[in-house]
Amino acid sequence: MHIVGRTKLPKSAEVAKLYIQCNDKAAIDYSAETPEVVFALQGLISTNSYFNSLYETFYTKYTTLDRLFYLLHLEGDFQVSVYREISSRVSEANCRQLLSREKFLNCKIGKVIEIELPGLQQIKTERGRIYFELECLSQSGKFRESFLATPQLPEREVSLAVVACTFQKEAFIKRTIKTILQDKLLQSKLIEVLIVDNAGTLSCSEFSDRKTKLISQRNIGGSGGFTRGIVEALSSNRNSHILLLDDDIELESEAIYRVITLNEYAKHDLVIAGSMLDLSQKHQLYEAGALYNKALHNRDFQAFNIVRLHHHLDLQNVSNLNLLVETEPIDSAGFYFLSVPRTIFESVGLLLPLFLKVDDTEFCLRIQARYGNDVIVAFPGIAVWHEPFFAKSSIWNYYYYRNDSIVQAMHGTLRYADAIAHFTKAIVSSLLVFDYKNAQMLIQAFEDYLQGAKILQHADPEQWHSQIVQLDRSCQTQHIQYHNLPSHRQTEQDSTATFMEKLVSLLTLNGHFLPNVFTQDKDVLLWQTAEHADRRSRAFRKKRILIFKEGGQCLYRNELDKSRGIKLLVRWIAIALKSRIEWSKVTREWQQARRELTSLQFWRRYLNLEKSGLEKSEHQDLVV
């Protein structure tokens, strides 16, 4: 039997319902060396959960697997039932189907209970999630582990290299590497783990396992760190696939194991995207892949729009899991967890040197353009926990807006009117809440985009980033407060602004254009979440704005500076008008530079590898 996957038990009660459902006569024993479930008579558990369901459609569509078994390690007497749930579009009465039920007496740990699953459903409308339930029939019992296995031979041999890029996230990266290396079953399939340290704060003595390799380099951003690891992995003929991992994640090693086995039985090359769970609310799905430049409801073109699929889906609610049973095309997936076959790197090239942000989206767009919509797949149950993106700083916004413009230009979707409208909305929104730092960053991002490809081809990325950091620190009217934080949102903040309030707020830029005599020396609190921000018109004529971002641990204090706000607005208008003249020329320049910027030759020079042993790598003919 070949192990395809494992039923994992949670490591803490906080996330228990993402793994397993228990009644009051069954409980998880976290004190054991590895967690196990202990039962009293009539104790019941179910793997009807996000991580331990078998999502049938994905296996039938993307793999050759058609014969599967559950291998259970039990102690005591049990009744084992296997169920299928189909999509929530079907009526509740027909949602759950009993596939098999069998009793097993006098079970002993070490003696495997083998249950064959019915053939995976080929009829699309009848595919769903498969899971099992255990009911204890004896006075006590134990469940230690189970495997999903197949007698089928793999279609191909898979050897995986993990590339983790890090910058001053020592605790996170050490924990991630430890999680990977402690998984004994995973070790038989894992070739190497490459840790690229952009800060130079790690030492080789901290990663003594023979499968790990620490690569220290100067800070050239996430794209530079990941590409350094990719180049290293491609220089060895042993690696068939490369898994990219962020440094600030929490993960189950089972996610990596499933990536390997899915690739072993895949019908064709797959780019497997892990979903992102919210690190601050661990039961929430932040995204399962994303759509790019598309509207949410009809998928029509909508410039600069990102749709995070299944955003904020509560995974503790098992009925929500049926929303995940059908596959859907995705345009973008994050480098926080992305598995890529080496053949795809050899076909479409390496990453763009964007330092931070949008490099993953651009890479996925190139893959999609070459291979179509069925290659990038977000498999449910393969996921990591990651900090939500809305909590990031204005420096990140600089890179996001600059790089998004570059990517739009390279892929032929950037129109002048769309770009100006996009930036104007963001800049004016920042000025309305006295966020001069962010407004300044956005204007700088647009100006740097207009400089063309030379900012990536010839500028030193580390020095460039230092200048952006200095620009971020130059604003003296904004401060961060780490104490006396609000505990809840005030109810009066829910009221909706009238049309006239919005109009006056906009026309006066929340008081920037009014004489000083009309400004009130008062504070106003604005509450922000990933989905909602209090109305900005509440800051009209106020001297200070306090912004609390839910999930964060600080309060942003912005003070009105009329002169600075007006100067930034005038600067933006002048740049926007001037850019119209050179727009087409700059767009063509970005399009023509893509092939060079993603080539191995460019990256060898960019990474200062021309004098290293990687200079004569046989993979120098990477193309786009």
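Look above for the structure.
Here is a short report on the structure shown in this document. Residue positions are given per chain, counting from 1 as you read along its sequence in written order. Local features in this predicted model are restricted to residues whose pLDDT is 70 or higher, and side-chain atom pairs enter the listing and the counts only when it is 80 or higher, whereas totals over whole chains, interfaces and linings include all residues. Where side-chain values are given, they derive from all heavy atoms of the structure, hydrogens and water being excluded.

Our next topic: the overall build of the protein. Along the backbone of the protein there are 15 helices and 27 strands. The globule rule used here is 2.2 Å times the number of residues to the 0.38 power, and the radius of gyration it is set against is calculated over C-alpha atoms. Compactness check: the protein gives a C-alpha radius of gyration of 27 Å against a globular reference of 25 Å for 624 residues, within 12% of the reference. Throughout, exposure labels follow a simple rule: accessible area from a 1.4 Å probe, protein chains only, divided by the maximum for the residue type, with under 20% read as buried, over 50% as exposed, and the rest as partly exposed. Out of the 624 residues in the protein, the part that is buried amounts to 58%. Residues count as neighbours in contact if any of their non-hydrogen atoms are within 4.5 Å of one another. Partitioning the intrachain contacts of the protein with sequence separation of at least 6 by distance along the chain shows that 76% fall at a separation of at least 24. Runs of E in the DSSP output that reach at least two residues are strands. Runs of H or I that reach at least four are helices, and both are numbered from the N terminus.

Another point: the packing of helix 8 (residues 394-410) against helix 10 (residues 436-450). The axes used here are C-alpha line fits, helices contributing only the stretch in contact, and every angle between their N-to-C directions lies in the interval 0 to 180 degrees. Where helix 8 meets helix 10, the axes come as close as 8 Å, and the angle between the chain directions of the two elements is 30°. By the criterion of interaxial angle, the relationship of helix 8 to helix 10 is roughly parallel. Here the hand of the crossing between helix 8 and helix 10 comes out right-handed. Taking contact as the criterion, the partners of Ser394, Ile395, Asn397, Tyr398, Tyr401, Arg402, Ser405, Ile406 and Ala409 in helix 8 are, on helix 10, Lys437, Asn438, Met441, Leu442, Gln444, Ala445, Asp448 and Tyr449. What sets the label is the angle itself: under 35 degrees gives roughly parallel, over 145 gives roughly antiparallel, 65 to 115 gives roughly perpendicular, and the rest give oblique. The handedness criterion is simple: a crossing whose near helix is rotated anticlockwise from the far helix by less than a right angle is left-handed, and one whose near helix is rotated clockwise is right-handed.

Let us look at unusual backbone geometry. Of note, glutamine 168 is a non-glycine position whose phi angle comes to about 55°, a positive value. Looking at the secondary structure, you find glutamine 168 in the loop between strand 12 (160-166) and helix 2 (170-181). Positive phi is not limited to glycine here, since asparagine 608 has a value of about 60°. Locating asparagine 608 in the fold gives a position in the segment after helix 15 (600-606). Judged by relative accessible area, asparagine 608 falls into the exposed class, the value being 56%.

Helix 14 (residues 562-597) packs onto helix 8 with a crossing angle of 90° between their chain directions and a minimal axis gap of 8 Å. Here helix 14 runs roughly perpendicular to helix 8, going by the angle between their axes. Of helix 14, the residues touching helix 8 (which contributes Ile406, Ala409 and Met410) are Thr587, Trp590, Gln591, Arg594 and Leu597. Under this grouping Gly is polar, as are all residues other than the nonpolar Ala, Val, Leu, Ile, Met, Phe, Trp, Tyr, Cys and Pro and the charged Asp, Glu, Lys and Arg. When grouped by side-chain class, the residues that make up the contact of helix 8 with helix 14 number five nonpolar, two polar and one charged.

Our next topic: the sheet that holds strand 25 (residues 520-528). Strands qualify as paired when DSSP identifies two bridges or more between them. If you walk across this open sheet you meet the four strands as 24-27-26-25, and the pairing is mixed. In this open sheet, the two edge strands, each paired with only one partner strand, are strand 24 (478-481) and strand 25. Each neighbouring strand pair of the sheet contributes to a mean axis angle of 20°, computed without reference to strand direction. Strand direction decides the pairing type here: strand 25 and strand 26 (residues 542-549), joined by seven bridges, are parallel. In the strand pairing of strand 26, leucine 526 is matched with isoleucine 547.

Looking now at helix 9 (residues 416-432). Multiplying 1.5 Å by the helix residue count minus one yields the expected span of that helix. Taking 1.5 Å as the rise per residue, helix 9 with 17 residues should run 24 Å; its terminal C-alpha atoms sit 24 Å apart, in good agreement. Summarising burial for helix 9: 13 of the 17 residues are buried, a large majority. Where helix 9 ends, the next residue or the one after it, phenylalanine 434, has phi of about 60°, a positive value.

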